[in-house]
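Listed below, chain by chain, are the residues.
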Amino acid sequence: MIISKKAIIFGGLLLLCHLLLPFNGIAQSRTTRQTREEYIERYKAIAIDQMERYGIPASITMAQGILESDSGNSTLSRSSNNHFGIKCKKNWTGEKVYHDDDEKGECFRAYSSVEESYDDHANFLDQQPRYDSLFRYAADDYRSWARGLKACGYATAPDYAERLVKIIEESKLYLLDRPNGDALYAQHRHEQKNPDEWFSSQSSTVEHATTSGIDPDNYRVTINAHEGYNIYATNGVHYVLAKADDTFENIASAFRLSARNLRKFNDLKDQKAQPMTDEVIYIERKRNRWEGPARQHICREGDTAYAIGQTYAIRTRRIEKMNHLAKGEALETGRTLRIQ
């Protein structure tokens, strides 16, 4: 059989293409890794819909998806559309894949689409009795949900709750939990993409605070952890957030303080007073003045000298003295108070 030159050349080119194809696939896979923000944009609408239907915070759904699937880049998520690391369990009758996790070759659920994975995640939490306690928390209480997921055994990682909260706060996913959350998150993304606009709105030359203080969700950053408490700081003063059923006595014990001093740090004279869930509790003495750029505070409805002091980490008596206020004096909406 006689083979023409053209056939030889064509065959050689075809072979070369086959040889290069795997390398081309590797190069392509490296350039198509999905970013966290791309992942959020793609699936946040599903998370919000599930929050409205089931009461699961959209921020928690997104953070779990990001963490469990590496923003949709993990081997498991790519091979099976499983974005939440849900294993087969005895009652699973759908498709399966096998993947090394805590043990070698464990059985994981497989889905026809990522959307199906999100739906199964919501059903999984809603229908499993061991997660019933989670639904006592509000749909915007992502910290309690994160701690609850770990306590209920969703994951084996000892710092699972902290990882979820870090993702939520880094990407401001808590905005999705609020009314009109999709628009709030879109606005946040717009500000990120237009830094000049954001810096002008945050300029240090601003003399007045235009709200009742600082939005904790916009500045709260964990700087340490101790005895199960995340430690934060404002105005250079450290504080924690009270947990459900916390008392001043057990918080004080955790930080080797007396309950009397802890109440004193928080300007409370009633020795029977106890904190509410998520209330700011200072674990050291507050300052005499605000060290930030704002010099004044504009009162909102319901403001008190105590509440303002807790917001800015300033002693209540100093707020009263700086503004010549009588103890317990009512503050009308719109009134300007000095904070430094």
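Refer to the structure above for everything that follows.
The shown structure was predicted, so the numbers you read here are calculated from the model rather than taken from an experiment. (Residues numbered from 1 in each chain as written. Predicted model: local features only at pLDDT ≥ 70, side-chain atom pairs only at ≥ 80, totals over all residues. Heavy atoms only, no water.)

J.: Break down the sheet that holds strand 4 (residues 224–226) for me, citing the residues and quoting the values.
T.: One open sheet accounts for four strands, arranged 4-5-6-7; its pairing is antiparallel. The open sheet has two free edges, formed respectively by strand 4 and strand 7 (280–282), since each of these has just one partner strand. Taking each pair of neighbouring strands and ignoring which way they run, the sheet shows an average axis angle of 40°. Across three bridges, strand 5 (residues 229–234) lies against strand 6 (residues 237–241) in antiparallel orientation. Across the sheet, the residue bridging to T234 is V237, located in strand 6. (Pairing = 2+ DSSP bridges. Helix = DSSP H or I, 4+ residues; strand = E, 2+ residues; numbered from the N terminus. Axes fitted to C-alpha atoms, helices over the stretch in contact; angles between N-to-C directions.)

J.: Outline the pattern of salt bridges, listing residues and values.
T.: Taken as a whole, this structure holds 17 salt bridges when the rule is applied. Between R33 and D70 there is a salt bridge, with its nearest N and O atoms 3.0 Å apart. Placement of R33 in the loop between helix 1 (5–31) and helix 2 (36–54) and of D70 in the loop between helix 3 (58–69) and helix 4 (75–80) is noted, with a sequence separation of 37 residues between them. The exposure class assigned to R33 is partly exposed, which follows from its relative accessible area of 47%. Across the pair R335 and E329 runs a salt bridge whose closest N-O atoms are separated by 3.1 Å. Residue classification places E329 among the partly exposed positions, given a relative accessible area of 30%. Taken together, the shared-partner salt bridges in this structure form one network comprising R36, K166 and E170. (Salt bridge = Lys/Arg side-chain N within 4 Å of Asp/Glu carboxyl O. Buried < 20%, exposed > 50% of the residue type's maximum accessible area, 1.4 Å probe, protein only.)

J.: Lay out the packing of aromatic side chains in plain terms, naming residues and giving numbers.
T.: Within this structure, the stated rule accounts for 14 aromatic pairs. Between the aromatic rings of F135 and W145, the centroid separation amounts to 5.2 Å while the plane-to-plane angle is 85°, which identifies the pairing as edge-to-face. Residue F135 is located in the loop between helix 5 (114–127) and helix 6 (142–151), and its partner W145 is located in helix 6; the two are separated by ten residues in the primary sequence. Ring geometry for Y229 against F255: centres 5.7 Å apart, planes inclined by 50°, an arrangement best described as tilted. A residue pair is termed long-range when its members are at least 10 positions apart, and Y229 in strand 5 and F255 in the loop between helix 11 (248–254) and helix 12 (259–265) qualify at 26 residues. Here Y229 matches F255 in class, with each residue buried. Three or more aromatic residues joined by ring pairs form one cluster here, namely Y39, Y43, F84 and Y118. Above the face of the Y229 ring, K243 is positioned so that its terminal group lies 4.2 Å from the ring centre. (Phe/Tyr/Trp six-rings, centres within 6.5 Å; stacked < 30°, edge-to-face > 60°. Lys NZ or Arg CZ within 6 Å of the ring centre and 35° of its normal.)

J.: Lay out unusual backbone geometry in plain terms, naming residues and giving numbers.
T.: A positive phi angle, near 55°, is found at S71, a position not held by glycine. Checked against the element boundaries, S71 lands in the loop between helix 3 and helix 4. Accessibility expressed as a relative area gives 7% for S71, which makes it buried. Even without glycine at this site, D278 takes up a positive phi of about 70°. Along the chain, D278 turns up in the loop between helix 12 and strand 7. Looking at D278, the relative accessible area reads 29%, which means it is partly exposed.

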